[in-house]
Structure formats: C-alpha cells, structure tokens
Amino acid sequence: MSILVVGSVAFDSVKTPFGEAKEILGGSASYFSISASFFSPVSLVAVVGQDFPQDHLDLFHKFAVDTRGLQKMDGKTFRWTGEYGFALNEAKTLETQLNVFESFQPEVPQGYRNCQYVFLGNIDPVLQRQVLAQVTQPKFVACDTMNYWIDSKPEELKKTLALVDILIINDAEARMLTGQPNITKAAKTICSWGPKILVVKKGEYGVAMYSHGSIFGAPAFPLEEVFDPTGAGDTFAGGFVGYLAKSGRLDNETLRKAVIYGSVMASFNVEDFSLNRMKHLKHSEIQQRFRQFKELTHFEHDHLL
Ligand code: AMP
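The rules behind the values
- Residues numbered from 1 in each chain as written.
- Predicted model: local features only at pLDDT ≥ 70, side-chain atom pairs only at ≥ 80, totals over all residues.
- Heavy atoms only, no water.
- Pairing = 2+ DSSP bridges.
- Helix = DSSP H or I, 4+ residues; strand = E, 2+ residues; numbered from the N terminus.
- Axes fitted to C-alpha atoms, helices over the stretch in contact; angles between N-to-C directions.
- Near = heavy atom within 4 Å.
- Polar contact = N/O pair within 3.5 Å; in protein donor to acceptor, adjacent residues only side chain to side chain.
- Areas by Shrake-Rupley, 256 points an atom, 1.4 Å probe, with all protein chains shown as cover.
- Nonpolar A, V, L, I, M, F, W, Y, C, P; charged D, E, K, R; others polar.
- 1 Å grid on protein atoms, 1.4 Å probe; cavity = no way out; pocket = protein on both sides within 12 Å on 5 of 7 lines; lining within 4 Å.
- Points joined across faces, edges and corners; volume = space filled by probe spheres on them.
- Salt bridge = Lys/Arg side-chain N within 4 Å of Asp/Glu carboxyl O.
- Buried < 20%, exposed > 50% of the residue type's maximum accessible area, 1.4 Å probe, protein only.
- Core = buried A, V, L, I, M, F, W, Y, C linked by side-chain atoms within 4.5 Å.
- Contact = heavy atoms within 4.5 Å.
- Parallel < 35°, antiparallel > 145°, perpendicular 65-115°, else oblique.
- Left-handed = near helix turned anticlockwise from the far one by under 90°.
- Disulfide = S-S within 2.5 Å.
- Phe/Tyr/Trp six-rings, centres within 6.5 Å; stacked < 30°, edge-to-face > 60°.

Caption draft 1: Looking closely at the sheet that holds strand E7 (residues 91-97). Judged by pairing direction, the sheet is mixed, and its four strands sit side by side in the order E3-E2-E6-E7 without closing on themselves. Since the sheet does not close on itself, it has two edges, and those belong to strand E3 (19-26) and E7, each with one partner. Between one strand axis and the next, the sheet turns through 15 degrees on average, direction left out of account. Here six bridges tie strand E2 (residues 10-16) to strand E6 (residues 78-84), and the two strands are oriented parallel to one another.

Caption draft 2: Expanded view of the site of the ligand. Taken together, 17 residues sit near the ligand, with Asp12, Gly27, Asn122, Gly231 and Asp234 positioned nearest. Gly27 places a polar main-chain atom, nitrogen or oxygen, 2.7 Å from an oxygen atom of the ligand. Contact with the protein chains hides 89% of the accessible area of the ligand, taken as 510 Å² for the molecule alone. Of all the secondary-structure elements, those providing two or more residues to the shell around the ligand are E2, E6, helix H4 (147-152) and helix H8 (232-247). The element that contributes the greatest number of residues to the shell around the ligand is H8, accounting for three residues. Grouping the constituent residues of the shell around the ligand by class yields eight nonpolar, seven polar and two charged.

Caption draft 3: Fine view of the layout of surface pockets. If you add up the space inside the second largest pocket, you get close to 370 Å³. Together, Phe216, Gly217, Glu253, Arg256, Lys257, Ile260, Phe290, Phe293, Lys294, Thr297, His298 and Phe299 line the second largest pocket. Elements represented by at least two residues in the lining of the second largest pocket include exactly strand E13 (214-218), helix H9 (252-269) and helix H11 (283-297). Along the lines of polarity and charge, the residues of the lining of the second largest pocket split into five nonpolar, three polar and four charged.

Caption draft 4: Highlighting the pattern of salt bridges. The tally for this structure, following the rule as stated, stands at twelve salt bridges. Across the salt bridge formed by Arg79 and Glu23, the nearest N and O atoms sit 2.8 Å from each other. Remark: Glu23 occurs in strand E3 and Arg79 occurs in strand E6; sequence separation between them is 56 residues. Overall, Arg79 belongs to the buried group, its relative accessible area being 12%.

Caption draft 5: How the structure looks around helix H1 (residues 28-36). Among the nine residues in H1, nine count as buried, and that is most of the element. All of the buried residues in H1 are Ser28, Ala29, Ser30, Tyr31, Phe32, Ser33, Ile34, Ser35 and Ala36.

Caption draft 6: Main features of the nonpolar core. Within the largest apolar cluster, 58 residues are counted, with the highest numbers of intra-cluster contacts made by Val9, Leu44, Ile166, Ile168, Val199, Phe240 and Val241. Of the residues forming this core, the biggest block, nine residues, is contributed by H9. Apart from residues no more than four positions distant in its own chain, Val199 is found in contact with Ile166, Leu167, Ile168, Ile169, Val207, Ala208, Met209, Phe236 and Phe240. Trp80, Leu98, Val164 and Leu167 belong to the second largest nonpolar core, which has 47 residues in total.

Caption draft 7: Summary view of the packing of helix H6 (residues 171-178) against helix H7 (residues 183-192). Interaxial distance between H6 and H7 falls to 9 Å at its minimum, and their mutual angle equals 60 degrees. Of the possible angle classes, the one that applies to H6 and H7 is oblique. Judged by the sense of rotation from one axis to the other, the crossing of H6 with H7 is left-handed. Every residue of H7 that contacts H6 at Asp171, Ala174, Arg175, Leu177 and Thr178 is listed here: Ile183, Ala186, Thr189 and Ile190. Of the residues contributing to the contact of H6 with H7, the split by class is five nonpolar, two polar and two charged.

Caption draft 8: Spatial organisation of the state of the cysteines. Taken as a whole and assessed by the stated rule, the structure comprises zero disulfides. Note on Cys143: no disulfide assigned, nearest cysteine sulfur contributed by Cys191 at a separation of 13 Å. Accessibility expressed as a relative area gives 0% for Cys143, which makes it buried.

Caption draft 9: Structural context of the side chain of Arg79. At a separation of 2.9 Å, a polar atom in the side chain of Arg79 contacts the main-chain carbonyl oxygen of Thr77. Excluding anything up to four places from it in sequence, Arg79 contacts Phe11, Glu23, Asp51, Glu95, Thr96, Gln97 and Asn99.

Caption draft 10: Broad picture of unusual backbone geometry. The phi dihedral of Glu23 falls on the positive side, at around 50 degrees, and the residue is not glycine. Looking at Glu23, the relative accessible area reads 40%, which means it is partly exposed.

Caption draft 11: Highlighting the packing of aromatic side chains. Applying the stated rule across the entire model yields 14 aromatic pairs. Measuring from ring centre to ring centre gives 5.3 Å for Phe39 and Tyr261, while their planes differ by 70 degrees; the resulting arrangement is edge-to-face. Highlighted residues: Phe39 in the loop between H1 and strand E4 (42-48) and Tyr261 in helix H9, separated in sequence by 222 residues. Pair check on accessibility: Phe39 and Tyr261 agree, each one buried. Centre to centre, the rings of Tyr261 and Phe290 are 4.2 Å apart; their planes meet at 20 degrees, and the pair counts as stacked.

Below, the structure written as structure tokens:
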C-alpha cells in the first residue's frame, strides 16, 4: 500500500563530535521516504528551491519515490544547522531557514489523493493539515513534530493532532507538548487530544509505544559507533509506517513488529552522515538486524519464584 508523505526536504549542516558536514541532503521527508521505500511505495509532497541539485532528485528516484508532488519554487531550499554534544542524545538547533517553506502551498497531485496511509512529517502544522484536507479517505494518519513547532505554533499543532491516529515524537517533545515531566502521564494527555497510538522515541534508550491500552518498550540497537543521529527519528518513522502499510494491519502484534523495523532502520541511518548509509543498505541486512533485535529482547518466563 502506498504512503503519502509531506515534510521538509532540506540542506542540513551538521556538527557531531566525530565530524562536520555542510549542506548535505536532509529533511524529515527525505529521511522518511527513503526509509519507508524499503517496505512500501512512497509519494512525496514537499518543496525545494532552485538550488536543489538533480543528484538528490535522482536519489529519490533510485528508491522509486514518486516526486510528482515535490514542487520547485523560486528561492532557496529549507536549511537547518544543528550540533550534537558528546552524548549525541539531543540536537541543538543553531539555525533554521524556512526559505521556500514560507510561501509553500502544498498541493497533493490527483494520483496521490486516495493514498490510504499518510505521514505528516515534521513541518508547520498548518501545512500538515492542508495536506490532510486533500486526501480522500486515509486508513490511518501518522504524524511527527518537533520543539520548533511546539514552541511557535502550539494551538495549530493541537488542531493537527486532533486529526491523527498515530503520533511519533521524542521524550523531550512529549514533555514540552504537555508540560508533564512523567512520560506515561504525558502519553495519556496526548492520547486524549486525538492520537490513538503514541510512539515516544528516547534516543539511545529506545522507544515506548502506547497503543490499545498496552505499553510496549524496545531498546535501541546497541551500536558501537553512532556517527550522526540526524534523521534517526524520521528513518524510524519510515520503517514503522512503511511496515504498517505493507502489512495493512494495526493490531498490537503488527504495531510491535513495526516498532522493531523502525528501530532497525534508525540504527542503520545513524552510522553515517545524511542518507549515505541508506544508499547502500540491503534488504538482507534489515532482516539480519531484525533477528538480532529478537535475540536482544528475548527471555523465558521464570518459574523459580
Ligand atoms: P530527526 O529525525 O528528528 O533527527 O530530524 C532531522 C531532520 O529534521 C533534519 O534533516 C532537518 O532538516 C529537519 N528539520 C529540522 N528542523 C526542522 C523544522 N523546523 N521543520 C522541518 N524540518 C526540520
């Protein structure tokens, strides 16, 4: 089943304790679409400026991402500059240049409007709703956001959340959004605003999912080298939503496997800058790491006590 994604396509400048890269391909929709394309076909709605090179477009096409909804406007592509400290657990935004996003009016091509799965990637919540309004009858809508929008457009964001089935955010964002330090309580509050399922990403500590009255926890894959965490959240979302769209189901068992596929995709992405690791990722590597996750989290019931 095909997934419609709207989000940012960006030039990122990133500094980590291990290196620095300038104006590399990034953006929530870029990471999401290439990650999700390993599972399901993806149709992209986004905007770039005249400075966006053909090479990057070719990369989307290599992964069969449909770019008919990617507008090229006069002006410069969205830019984000961020930095990570030694623990690599949280990006510090140094600069956000919205550029073409300031006047972007998303238009969902006719052929995408009956997509059953929608991912509202991290962009202005007003734009997220404009996209949703153009989709005929989605089976489910998943959504991401970040501190920038929680801070600048909290009311617009709440209006968007009222329309989504699944929210995927990190722990700091869940706290910021609700003003609640306890994540389990924050999850209850968020679910009372609309989303039936909440996935909270906790960086190297893994993920907690609140769904259908149950909680599922998964660790992050224990990598020895994390090079650049940028895009971990979006590649997670790509694997998660990609797998759900492929399976066509939303029961707890399927959701749990989707969390693991999301974690697998994120674990590959952080091994290099930009989408460099995803460019040569193989399906067999995804399956192998999925099996390693199973071993990592498996234990037998104990009858000793
Ligand atoms: P994450 O998966 O959370 O690490 O997301 C990283 C991506 O988010 C980067 O590639 C940025 O280009 C993008 N990004 C950062 N700030 C914003 C923003 N305010 N709106 C949309 N996308 C953003």
